Amino acid sequence: MGAEVETTVTGRGAGARIALAVAVAAPAVIMRLAGVELPPVAAVAVFGAAVLASVALLMWASEAARVDISGSLALAILALVAILPEYAVDIFFAYTAGHDPAYAAYATANMTGANRLLIGVAWPLLVVFAIVAVRRCGVRGERNAVTLLAHRRTEIVFLAVATSYALVIPLTGRLAWYDALVLGGLFAAYLWRIRGKEEADEELAGVAATIAVQPTTRRRGLVAALFVAAGMIILAATGPFADALVGAGADLGIDEFLLVQWLAPIASEAPEVIVAIMFALRGRADDGMGALLAAKLNQWTLLIACLPVAYYLGGGKFAGLPLDARQTAELVLTSAQTLLGVAVLTDLRLARGEAALLFGLFAVQFVLPAPNIRYVIAVAYTALAVVLLIRQRRHVPELIKSL
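Residues numbered from 1 in each chain as written. Predicted model: local features only at pLDDT ≥ 70, side-chain atom pairs only at ≥ 80, totals over all residues. Heavy atoms only, no water.

1. Let's talk about the overall build of the chain
Within the chain one finds 16 helices and six strands. In terms of C-alpha radius of gyration, the chain reaches 21 Å, essentially the compact-globule figure of 22 Å for 403 residues. C-alpha atoms of the chain, sized along the principal axes, occupy 60 × 55 × 40 Å. Within the chain, buried positions represent 54% of all 403 residues. Counting contacts in the chain only where the partners sit at least 6 residues apart, residues at least 24 apart contribute 83% of the total. With the model as given, the accessible surface of the chain reaches about 16400 Å², and the carbon-plus-sulfur share is 68%. (Helix = DSSP H or I, 4+ residues; strand = E, 2+ residues; numbered from the N terminus. Rg over C-alpha atoms; globule rule 2.2 N^0.38 Å. Buried < 20%, exposed > 50% of the residue type's maximum accessible area, 1.4 Å probe, protein only. Contact = heavy atoms within 4.5 Å. Areas by Shrake-Rupley, 256 points an atom, 1.4 Å probe, with all protein chains shown as cover.)

Printed below as a string of structure tokens:
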């Protein structure tokens, strides 16, 4: 088996939680099938709740599936499955932009928001809870940092290569077909590179653990059913949720770009971040960070690669998804933040001060929201990354060997 099981929820309790998730999603599915149209703000609530419910179902299914499959490759694939709602929302925007140019900006808004949340919020949160677990709960680990195992260099070096390429994209003014080939190829190369690598056994708890201890046939049937249910919910709720975000922005007087950039990613990333924090509280911060790194790499390669393809299939030009000045600034900022994230992890250690730095620079974006400030913050990210890479240059050869 690829996981250790700690049953903390009875069969009836697990069934109740699954039923609750389905009940939360049911109104959205019913309204979509019936063709009912809601006001934008109400639609955001109804369809957003369905997206969140689908994430919960996906997380339970993907965690329970670790009983039957193991290794780094399985973790990467399951991390991809867990963020399918994020992919669905982004691909919807890109596809729609193919025949409605007004939607072009929203695809990059959602993608950059999701990526920046992972490094600017999820990584620091993981460090905070890992330190709390060591100091107050007596679990094993460092008192002021999270240290990663050596095999995490694989994710870090692929993230570095993808970031180096992403820094060039704004110069072309579009997400082009060749970007899809390069970044999609990088993700495929990453999966090939980690094939056969083993992960530490994962301790399952809660609903996933209850499913995992079922007889093989029943367990696999339940996992499949959860995946199918989540997929149906995603298909029913993603489009209306994405449209409602745009409409709600207009109704509430909020910048639609910002609403798309932050609200949708928060909904889709939250369960995954919670799982990573639970790892940290159990003294397994490396596993939590590994999950967040896999998610970041997925979104920074395969997700971006999907956008120009979806744009073309939606009726857009083969040349690619155009980037306006605002989208370009957001992509530059996201690339610079990722570069700093790579630099911080070069020595396989994320210290308390570094986590505070990542969060502080992320928070500045909201205090100073002007588009031109994005470039100033990007310069700060890049300068700090260069300084860190110089200080930690002795670790760079080991990183490169991980390719």
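Having put the structure on the table, let's press on.
2. Details of helix 8 (residues 177-193)
For helix 8, built from 17 residues, the straight-helix expectation of 24 Å at 1.5 Å per residue is met to within 8% by its first-to-last C-alpha distance of 24 Å. For helix 8, the set of buried residues is Asp179, Ala180, Leu183, Leu186, Phe187 and Tyr190. In an axial view of helix 8, the angular spread of the buried residues amounts to 135°, which keeps them on one side of the axis. Away from its buried face by more than 90 degrees, helix 8 exposes Leu181 and Trp192. (Expected span 1.5 Å × (residues − 1). Arc of directions from axis to C-beta.)

3. Quick notes on the packing of aromatic side chains
All chains considered together, the criterion is met by 12 aromatic pairs. Between tryptophan 262 and phenylalanine 362 the ring centres are 5.5 Å apart and the planes differ by 85°, which places this aromatic pair in the edge-to-face class. Residue tryptophan 262 is located in helix 11 (residues 256-281), and its partner phenylalanine 362 is located in helix 14 (residues 352-367); the two are separated by 100 residues in the primary sequence. Neither residue differs from the other here; tryptophan 262 and phenylalanine 362 are each classed as buried. Aromatic side chains tryptophan 262 and phenylalanine 366 sit 5.2 Å apart centroid to centroid with 50° between the ring planes, which places their arrangement in the tilted category. Of the two residues, tryptophan 262 sits in helix 11 while phenylalanine 366 sits in helix 14, which places them 104 residues apart along the sequence. Relative accessible area serves as the criterion here: at 10%, tryptophan 262 is assigned to the buried category. Pairwise contacts between aromatic rings join Phe92, Phe93, Tyr103 and Tyr106 into one cluster. The side chain of lysine 296 reaches across the aromatic face of tryptophan 300, ending 4.5 Å from its centre. (Phe/Tyr/Trp six-rings, centres within 6.5 Å; stacked < 30°, edge-to-face > 60°. Lys NZ or Arg CZ within 6 Å of the ring centre and 35° of its normal.)

4. What to know about the packing of helix 5 (residues 104-136) against helix 14
Relative orientation of the contacting elements helix 5 and helix 14 amounts to 145°, with a least axis distance of 9 Å. For the pair helix 5 and helix 14, the crossing hand works out as left-handed. Taken together, the residues of helix 14 that come into contact with helix 5 (itself represented by Arg116, Leu117, Ile119, Gly120, Val121, Trp123, Pro124, Val127, Ile131 and Arg135) are Arg352, Ala355, Leu358, Phe359, Phe362 and Gln365. Here the residues of the contact of helix 5 with helix 14 are counted per class, giving 11 nonpolar, two polar and three charged. (Axes fitted to C-alpha atoms, helices over the stretch in contact; angles between N-to-C directions. Left-handed = near helix turned anticlockwise from the far one by under 90°. Nonpolar A, V, L, I, M, F, W, Y, C, P; charged D, E, K, R; others polar.)

5. Details of the environment of valine 51
Among the secondary structure elements, valine 51 is positioned in helix 2 (residues 40-64). Through-space distance from the C-alpha of valine 51 to that of phenylalanine 241 is 8.1 Å; in sequence the pair is 190 residues apart. Not counting residues within four places of it along the chain, the set of residues in contact with valine 51 comprises Pro85, Ala237 and Phe241.

6. Digging into a nonpolar patch on the surface
There is a patch of nonpolar side chains on the surface, built from Tyr95, Trp177, Tyr178, Leu181, Val309, Tyr312, Leu313 and Phe318 and spanning about 860 Å² of accessible area. Listed by contribution, the elements that provide at least two residues to the nonpolar patch are helix 8 and helix 12 (285-313). In this structure, valine 309 sits in helix 12. (Patch = residues over 30% accessible without salt bridge, like charges linked within 9 Å, V, L, I, M, F, W, Y side chains within 5 Å. Salt bridge = Lys/Arg side-chain N within 4 Å of Asp/Glu carboxyl O.)

7. Notes on the packing of helix 6 (residues 153-166) against helix 12
Each pair of packed helices can be summarised by the angle the axes make with each other and by the distance between the axes. Packing of helix 6 against helix 12 leaves a shortest axis separation of 10 Å and a crossing angle of 25°. Between helix 6 and helix 12, the crossing angle belongs to the class labelled roughly parallel. Considering the relative orientation of helix 6 and helix 12, their crossing is left-handed. Packed against helix 6, whose contacting residues are Glu155, Ile156, Phe158, Leu159, Ala162, Thr163 and Ala166, the element helix 12 presents Leu293, Lys296, Leu297, Trp300 and Thr301 at the interface. Looking at the contact of helix 6 with helix 12 residue by residue, the class counts come to eight nonpolar, two polar and two charged. (Parallel < 35°, antiparallel > 145°, perpendicular 65-115°, else oblique.)

8. What to know about the pattern of salt bridges
According to the stated counting rule, one finds eight salt bridges in the structure shown. Taking the shortest distance from any N to any O, the salt bridge between arginine 349 and glutamate 142 comes out at 2.9 Å. Taken together, the residues span a long stretch of sequence, with arginine 349 in strand 6 (residues 349-351) and glutamate 142 in the loop between helix 5 and strand 2 (145-147) at a distance of 207 residues. On the basis of relative accessible area, arginine 349 is assigned to the partly exposed category, the value being 31%. One salt bridge in this structure joins glutamate 398 and arginine 153, with 2.8 Å as the shortest N-O distance. Here the residue glutamate 398 occupies a position in helix 16 (residues 396-401), and arginine 153 occupies one in helix 6, the gap between them amounting to 245 residues. Residues joined in a network through salt bridges with shared partners are Arg152, Arg284, Asp286 and Asp287.

9. What about unusual backbone geometry?
Positive phi outside glycine occurs at leucine 348, with the angle close to 60°. Relative to the elements of secondary structure, leucine 348 occurs in the loop between helix 13 (325-344) and strand 6. When its relative accessible area of 7% is taken as the criterion, leucine 348 is described as buried.

10. Notes on the confidence of the model for the chain
Chain-level pLDDT for the chain is 86 on average; 91% of the residues reach the 70-or-more range. Of all secondary-structure elements in the chain, the lowest mean pLDDT belongs to strand 1 (residues 3-5), at 55, while helix 6 reaches the highest, 95. (pLDDT = per-residue confidence, 0-100.)

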